[in-house]
Amino acid sequence: ENVRNLAGEPGNRVLGWVQGSRPRMSVAIGLSPDEWRNELTFELSRRLSSRIDPVVIPKSEAPVKGWVVAGPDADLDHLPIIYHHDGDGNPYFTMPIAMKKPGNTGYNLAYLRSMYKDKQEARIHMSTGMHSWSIWNANKEQGKPTPMIIIHGHHPAFSLGAIATAPWGWNEYA
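About the criteria used
- Residues numbered from 1 in each chain as written.
- Predicted model: local features only at pLDDT ≥ 70, side-chain atom pairs only at ≥ 80, totals over all residues.
- Heavy atoms only, no water.
- Pairing = 2+ DSSP bridges.
- Helix = DSSP H or I, 4+ residues; strand = E, 2+ residues; numbered from the N terminus.
- Core = buried A, V, L, I, M, F, W, Y, C linked by side-chain atoms within 4.5 Å.
- Buried < 20%, exposed > 50% of the residue type's maximum accessible area, 1.4 Å probe, protein only.
- Contact = heavy atoms within 4.5 Å.
- Axes fitted to C-alpha atoms, helices over the stretch in contact; angles between N-to-C directions.
- Salt bridge = Lys/Arg side-chain N within 4 Å of Asp/Glu carboxyl O.

Let's shift gears to the pairing of strand E2 (residues 107–118). Bridge analysis of strand E1 (residues 92–100) against E2 gives 9 bridges, and the strand direction is antiparallel. When the bridges of E2 are listed, Tyr92 appears paired with Met115. The antiparallel hairpin formed by E1 and E2 contains 6 residues in its connecting segment, where Gly103 sits at a positive phi of about 75 degrees. Bridge analysis of E2 against strand E3 (residues 121–124) gives 4 bridges, and the strand direction is antiparallel. Bridged to Tyr116 within E3 is Ala122. Linking E2 back to E3 in an antiparallel pair, the connection comprises 2 residues.

The subject of this paragraph is the nonpolar core. Counting 6 residues, the largest nonpolar core is built from Ile97, Met99, Ala110, Leu112, Met126 and Ile135. Not counting residues within four places of it along the chain, the set of residues in contact with Met99 comprises Gly106, Tyr107, Asn108, Ile124, Ser132, Ile135, Thr146, Pro147 and Met148.

Spatial ordering of the open sheet is given by E3-E2-E1-E4, a layout of 4 strands whose pairing is antiparallel. The open sheet terminates on both sides in strands that have one partner only, identified here as E3 and strand E4 (148–150). Shown here is a sheet whose adjacent strand axes are inclined to one another by a mean of 45 degrees, direction ignored. Across the sheet, helix H3 (residues 131–141) touches E1 and E2, and the angle it forms with E2 is around 75 degrees. The sheet strands contacting helix H4 (residues 156–163) are E1 and E2, and the helix crosses E2 at an angle near 95 degrees.

Moving on, we come to the pattern of salt bridges. What the rule picks out here adds up to 5 salt bridges. One salt bridge in this structure joins Arg47 and Glu43, with 2.7 Å as the shortest N-O distance. With Arg47 and Glu43 both in helix H2 (residues 38–49) and 4 residues apart, the pair spans about one turn of that helix. Arg47 sits in the partly exposed class, given a relative accessible area of 32%. A salt bridge links Asp118 to Lys117; the shortest N-O distance between them is 3.9 Å. Judged by relative accessible area, Asp118 falls into the partly exposed class, the value being 29%. Note on Lys117: relative accessible area 40%, which makes it partly exposed. Salt bridges sharing partners connect three or more residues here, namely Glu43, Arg46 and Arg47.

Shown next as structure tokens:
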């Protein structure tokens, strides 16, 4: 509580990895907190094998569009991004990231570490061979940027989807 953001402004609160236990994740997807062992794993497997298409909401009706900051007004210094450990090169945050797959074949979700660089730029960590790396590399070879969205404050089940390993051809929003 009362964490200063990078602009030095006090009064921010930081709450991290709220769903950071298997019992909490069980509750988030409709199981009881006691169903965190095999039941959670089985339920996730069931959901991955019977995916449903996402519901697309018009931009004008999407609650997420209620507050959008873009261009020069977008300033990471006003977010409570923190140093987590002694020796960190910069403050960072770890959240789900979505990026479009080449050829308009859907979206990749990943849970990636984003390190603050300056008020309008963060750098992400991608592991060689993973989907996010493959998307970035394919775009780089074509001289294209790789637009991505850092997703903050979504339902905990979305985070589970972002850490699941899915086949390349899947649209991971489903």
